[in-house]
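Observations on the model geometry
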Amino acid sequence: MKRFSTLTGIALLAGLSAGTAVADVFLKDASEIVGTWQLETVSSSLKGPRIEENRTWDFRADGVIVTSGYNRHLKMNDVHEWKYQIVNGKISADDPGRPGKTIDYAVQEKSADSMILKGGIEGFYFFKKR
């Protein structure tokens, strides 16, 4: 009986850990993301197929994001600027074209030279630091 309960416990723990989601990175303040980031790809899921991008996102210390580069939706180069702030450890940015609305992004993973954001319209945003 003891062997059965041990095996059952191991199987249960394995099942629980397989379903565990990766915890978001909690941002203390904007200094953790300030700088220019190259948006390389986007995807609707963390492990799904990715769509190539060629845009930069410049998170400025004054609470402004400037995005620039080729906009695949508009099929042209453009530049957009809007405000952001860190709220409850996440990036809360003005929603361009929708006054009073925000788009929230959680930092899924972050290192000194890469970052994955979760949220927004695309789902997941894969960046390299410039």
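Fair warning: this is a prediction, and the values are worked out from it, not measured in the lab.

Membership of the largest hydrophobic core comes to 19 residues, with the highest contact counts inside it found for Phe59, Ile91 and Leu117. Elements that contribute at least two residues to this core include exactly strand E1 (35-43), strand E2 (51-59), strand E4 (76-87), strand E5 (90-94), strand E6 (102-110), strand E7 (114-119) and strand E8 (123-129). Excluding residues that lie within four positions of it along the chain, Leu117 makes contacts with Trp57, Phe59, Ile91, Tyr105, Ala106, Val107, Gln108, Gly123, Phe124, Tyr125 and Phe127.

Predicted coordinates in regions of low pLDDT should not be interpreted in detail. Chain-level statistics for the protein chain give a pLDDT mean of 86 and a share of 83% at 70 or above. Throughout residues 1-20 the model reports pLDDT below 50, and contacts reaching past four residues in sequence, or to other chains, amount to zero contacts.

On the basis of which strands lie adjacent, the closed barrel formed by eight strands has the order E1-E2-E3-E4-E5-E6-E7-E8 and antiparallel pairing. On average, each strand axis in the sheet is tilted by 35° relative to the strand beside it, whichever way the strands run. Bridge analysis of E7 against E8 gives six bridges, and the strand direction is antiparallel. Counted as the bridge partner of Ile116 is Phe126 from E8.

Cut-off values and rules
- The written sequence of each chain sets the order in which its residues are numbered from 1.
- Given that this is a predicted model, residues contribute local features only at a pLDDT of at least 70 and side-chain atom pairs are listed and counted only at 80 or more, while totals for whole chains, interfaces and linings are drawn from all residues.
- Computation of side-chain values covers all heavy atoms of the structure but excludes hydrogens and water.
- What makes a nonpolar core is a set of buried Ala, Val, Leu, Ile, Met, Phe, Trp, Tyr and Cys residues whose side-chain atoms join them at distances within 4.5 Å.
- A simple rule labels every residue: compare its accessible area, found with a 1.4 Å probe on the protein chains alone, to the largest value its type can have, and call it buried under 20%, exposed over 50%, or partly exposed in between.
- Comment: elements are numbered from the N terminus, with helices defined as DSSP H or I runs of at least four residues and strands as E runs of at least two.
- In what follows, residue pairs with any heavy atoms lying within 4.5 Å of each other are defined as contacts.
- Think of pLDDT as the predictor's per-residue confidence, scored from 0 to 100.
- Strands are labelled as partners when DSSP assigns at least two bridges between them.
- In this description, a line fitted to the C-alpha atoms serves as the axis of each element, helices being fitted only across the stretch in contact, and the angle between N-to-C directions of two axes falls anywhere from 0 to 180 degrees.

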